[in-house]
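Structural description and commentary
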Amino acid sequence: MGNPISPTVADLVMETLLENVIKEIRCEIPVVKKYVDDLFLVVPADKVEEILDTFNRYNSNLQFTCEKEQNRRLPFLDMVVIRQPDQSIKTEWYCKPMASGRFIDYFSTHPLHMKTNMVNNFIRRVREFSTNLTKEATNEIIKQQLKINHYPTTFIHRCLNSTASRAVVVPAQSPEPIIYKPLIYVEKLTSRLKKTFRTDFPNISLATRNEFTIKKLFTNTKDNIPTEMKTNVIYRIPCRDCQASYVGLTSNQLKKRISNHRSNIKQMEALIDATSRSNPTITHELSNLREKTALLAHCIDTRHRFALDDTRVVDQHRRQTALPILEVCHITNTDHTVNKRSDVDCLSSTYAAILHTIKTTKSKQPSHSTRTHRTTSSNNSIQ
């Protein structure tokens, strides 16, 4: 389940099964329809159990159940097939009794065009599947289902009227290949961005996605990863002797990065002790060490030391390529940072107002001690 190749494999298995099983059945089967693993067959009433046994004997891992028609009605997928007295077939749109009838709610955080397309497709399916019902009856079914999902009556009537007279429009082929990019949907803002991109970058198509997913509605059932074991993080280390702090990133486990900082500081302290002998070689090594990180440069210039045990994770991202820009943003929004000015030169001034707004908003929020993640130290190494 969930593997992209699963539908193809399932279709091949079912085609092979049908090809072999049909040969073993000793009666004529005038109609055989298949959708993935759902089969629709027209067979003699006294041969149903025999045919079912034939299907189940093919492979012990492929076992079928059978649903017979009741009152000349038999559901198949999203419609119910109705056998008329003259043996002709008519259909109606079908919904399982256990179905809640829920789909995209009108008040959900989705673009309006997505809701409109969903409603139009639903109307089309109900109408095409309901050859046994009048137009008024199908419209009543559509209204009932849409009202469950809080669609206004005016919206429903507009879609019913537009769908009836809507013509299929084939989009013109663009000379350049279309590039699809995802974008989080923000009401009003996203539609403006899409309009701008449509004008300035016609070969780029923005596909919106919802930030409020089902995953965010439920608590995480997995154990939390210890702070020192996290990877792809942005971290901040405060200075023990002043208000300064150092912001860094690491794609490895945080404890390995902190261990590396601790090793560099020990090496620096040994070199500082050796400079009292005015050894030029040691002075050169100290200068090279100073260029490694802004953390070491601050320690060498001020003789301050950083509280490595109070390292805090300020951000995390699953994509390693996103870490550099996140680091730049946090350096920009961190007061009294010791990071070099060159670390933020790559950030466009366009984002200055956005980062200032984020910083102002966070400063107004009450601080919670539960949000602070600290590492613990034992024997000069993070445990």
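Below, the structure is looked at part by part. (Residues numbered from 1 in each chain as written. Predicted model: local features only at pLDDT ≥ 70, side-chain atom pairs only at ≥ 80, totals over all residues. Heavy atoms only, no water.)

**Observations regarding the overall build of the chain**
Assigned secondary structure in the chain consists of 11 helices and 12 strands. Restricting to contacts in the chain with at least 6 residues of sequence separation, those with at least 24 account for 58%. Within the structure as shown, the chain displays about 26400 Å² of accessible surface, and the carbon and sulfur contribution to it stands at 53%. (Helix = DSSP H or I, 4+ residues; strand = E, 2+ residues; numbered from the N terminus. Contact = heavy atoms within 4.5 Å. Areas by Shrake-Rupley, 256 points an atom, 1.4 Å probe, with all protein chains shown as cover.)

**Quick notes on the state of the cysteines**
In the structure shown here, the tally under the stated rule is zero disulfides. Distance from the sulfur of Cys 239, which forms no disulfide, to the nearest cysteine sulfur (Cys 242) is 3.5 Å. Given a relative accessible area of 8%, Cys 239 falls into the buried group. (Disulfide = S-S within 2.5 Å. Buried < 20%, exposed > 50% of the residue type's maximum accessible area, 1.4 Å probe, protein only.)

**Here's the deal with the sheet that holds strand S4 (residues 79–83)**
The antiparallel open sheet is built from three strands, whose spatial order is S3-S4-S5. The sheet is open, and its two edges are formed by strand S3 (73–76) and strand S5 (89–93), each paired on a single side. The mean inter-strand angle of the sheet, taken between neighbouring strand axes irrespective of direction, is 30°. Inspection of the sheet shows S3 paired to S4 by four bridges, in the antiparallel sense. Along S4, the bridge assignment pairs Arg 73 with Ile 82. Of the strands in this sheet, S4 and S5 touch helix H3 (residues 112–129), which is tilted by about 155° from S5. (Pairing = 2+ DSSP bridges. Axes fitted to C-alpha atoms, helices over the stretch in contact; angles between N-to-C directions.)

**Some remarks on the environment of Asn 252**
Structurally, the position occupied by Asn 252 is in the loop between strand S9 (245–250) and helix H7 (254–274). Separated by 19 residues in sequence, Asn 252 and Val 233 have C-alpha atoms that sit 8.4 Å apart. Setting aside anything within four residues of it in sequence, one finds Asn 252 in contact with Lys 230, Thr 231 and Asn 232.

**Thoughts on the layout of surface pockets**
Reported here for the second largest pocket is a volume of approximately 1400 Å³. Leu 39, Phe 40, Leu 41, Glu 67 and Leu 74 are, among the 40 residues lining the second largest pocket, the residues nearest its centre. At the level of secondary structure, the elements contributing two or more residues to the lining of the second largest pocket comprise helix H1 (6–24), strand S1 (31–35), strand S2 (38–42), helix H2 (48–57), S3, S4 and S5. In terms of residues, the lining of the second largest pocket owes the most to one element, S2, which gives five residues. Considering only residue class, the lining of the second largest pocket consists of 26 nonpolar, four polar and 10 charged. (1 Å grid on protein atoms, 1.4 Å probe; cavity = no way out; pocket = protein on both sides within 12 Å on 5 of 7 lines; lining within 4 Å. Points joined across faces, edges and corners; volume = space filled by probe spheres on them. Nonpolar A, V, L, I, M, F, W, Y, C, P; charged D, E, K, R; others polar.)

**Focus on helix H4 (residues 135–148)**
For an α-helix the count is 3.6 residues per turn, leaving residues at separations of three or four pointing the same way. A rise of 1.5 Å per residue sets the reference length of H4, with its 14 residues, at 20 Å; its end C-alpha atoms lie 20 Å apart and thus fit the reference within 8%. Those residues of H4 that fall on the buried side of the exposure criterion are Thr 138, Asn 139, Ile 142, Gln 145 and Leu 146. Each buried residue of H4 lies within a common arc of 130° when the element is viewed along its axis, so the set occupies one face. Immediately downstream of H4, the backbone of His 150 shows phi near 65°, a positive value. (Expected span 1.5 Å × (residues − 1). Arc of directions from axis to C-beta.)

**Some details on the pattern of salt bridges**
For the structure shown, the criterion picks out 13 salt bridges. With a closest N to O distance of 3.7 Å, Glu 50 and Lys 47 form a salt bridge. Given a relative accessible area of 38%, Glu 50 falls into the partly exposed group. A relative accessible area of 29% means that Lys 47 is categorised as partly exposed. Asp 301 is the partner of Arg 290 in a salt bridge, and the nearest nitrogen-oxygen pair spans 2.5 Å. Here Arg 290, found in helix H8 (residues 280–290), pairs with Asp 301, found in helix H9 (residues 294–302); they are 11 residues apart in sequence, far enough to count as distant. Among the residues examined, Arg 290 registers a relative accessible area of 28% and is labelled partly exposed. Since its relative accessible area comes to 46%, Asp 301 is described here as partly exposed. Several salt bridges share partner residues, and in doing so they unite Arg 290, Glu 291, Asp 301 and Lys 340 into one network. (Salt bridge = Lys/Arg side-chain N within 4 Å of Asp/Glu carboxyl O.)

**With respect to the packing of H7 against H9**
The interhelical angle for the contact between H7 and H9, taken along N-to-C directions, is 30°, at an axis separation of 11 Å. One finds that H7 runs roughly parallel with respect to H9. The crossing of H7 and H9 is right-handed. Where H7 approaches H9, its residues His 261, Asn 264, Ile 265 and Met 268 are matched on the opposing element by Leu 295, Leu 296, Cys 299 and Ile 300. Residues that form the contact of H7 with H9 fall into these classes: six nonpolar, two polar and no charged. (Parallel < 35°, antiparallel > 145°, perpendicular 65-115°, else oblique. Left-handed = near helix turned anticlockwise from the far one by under 90°.)

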